[in-house]
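Coordinate analysis (summary)
Here are the chains, one letter per residue:
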Amino acid sequence: MSQQKSDYVDDADIDADLDQLPDDETVEATVENLEASGFDVVVVDTADEALEAVQSHIPAGVSVMNGHSTTLEEIGFDDYLSEGDHDWESLPDQIWGIDDDAERQAARRDSQTADYFLGGINAIAQTGELVAADLSGSRIGAYPFAASNVVIVSGINKIVPTLDDALDRLESVAYPLENERAKEAYGVESMIAKQLIFRQEVEEGRTTVVLIREQLGY
């Protein structure tokens, strides 16, 4: 079921103060602190440039998996992974082609160890931490260790001053929007069941954050 954020955004009550575009000085400080925390950072101006950055970052012949991300949808990555002209092994196409529920779930677990795992994030602290949550853990399970390489794509609207603000943004911006999306898509409510604070990447070059100077995702 294809969705757009416009399908459900009007039904969500969010704290708009935690969903603003920061100034250039704030973005620069955030990049410096993310890099000091071991993350590689790429900053682009548009969604199209973000897709180009991701395409150029992933080499041919590798397995690629993505967790659900409105931002990835908005930059066109989901469509490109499924239908685009690339030489990657698209794990989502394999997984969603499995009819048996147990086999499909086992394949989803295996996909956490993809060569490249892509997803979004729910908040970025200017101090250098990333915050995300899932209901199932099918996205954030890959981020800390399982995947060989991680690419996180985010609009700069997710940047907030502190880790406490990032945790607040998760509760008061990301969750209300995801909850409305889940109700539209699946007819059930979501929840913050599994939560990740990604403070430090200790493996050089493993995790790349692509920051887009646009208001994207949640």
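Residues numbered from 1 in each chain as written. Predicted model: local features only at pLDDT ≥ 70, side-chain atom pairs only at ≥ 80, totals over all residues. Heavy atoms only, no water.

Quick word on the pattern of salt bridges
Per the counting criterion, the structure on display carries 8 salt bridges. When the shortest N-O distance is used, the salt bridge between Arg169 and Asp19 registers 2.6 Å. Linking Arg169 in helix H8 (residues 163-186) with Asp19 in the segment before helix H1 (24-36), this pair joins segments that are 150 residues apart in sequence. One exposure class covers both Arg169 and Asp19, and it is buried. With a closest N to O distance of 2.9 Å, Glu178 and Arg181 form a salt bridge. Of this pair, Glu178 and Arg181 are both found in helix H8, 3 residues apart, which corresponds to roughly one turn of the helix. Like Arg181, Glu178 is buried. Each of Asp24, Asp45 and Arg213 takes part in a single network of salt bridges with overlapping partners. (Salt bridge = Lys/Arg side-chain N within 4 Å of Asp/Glu carboxyl O. Helix = DSSP H or I, 4+ residues; strand = E, 2+ residues; numbered from the N terminus. Buried < 20%, exposed > 50% of the residue type's maximum accessible area, 1.4 Å probe, protein only.)

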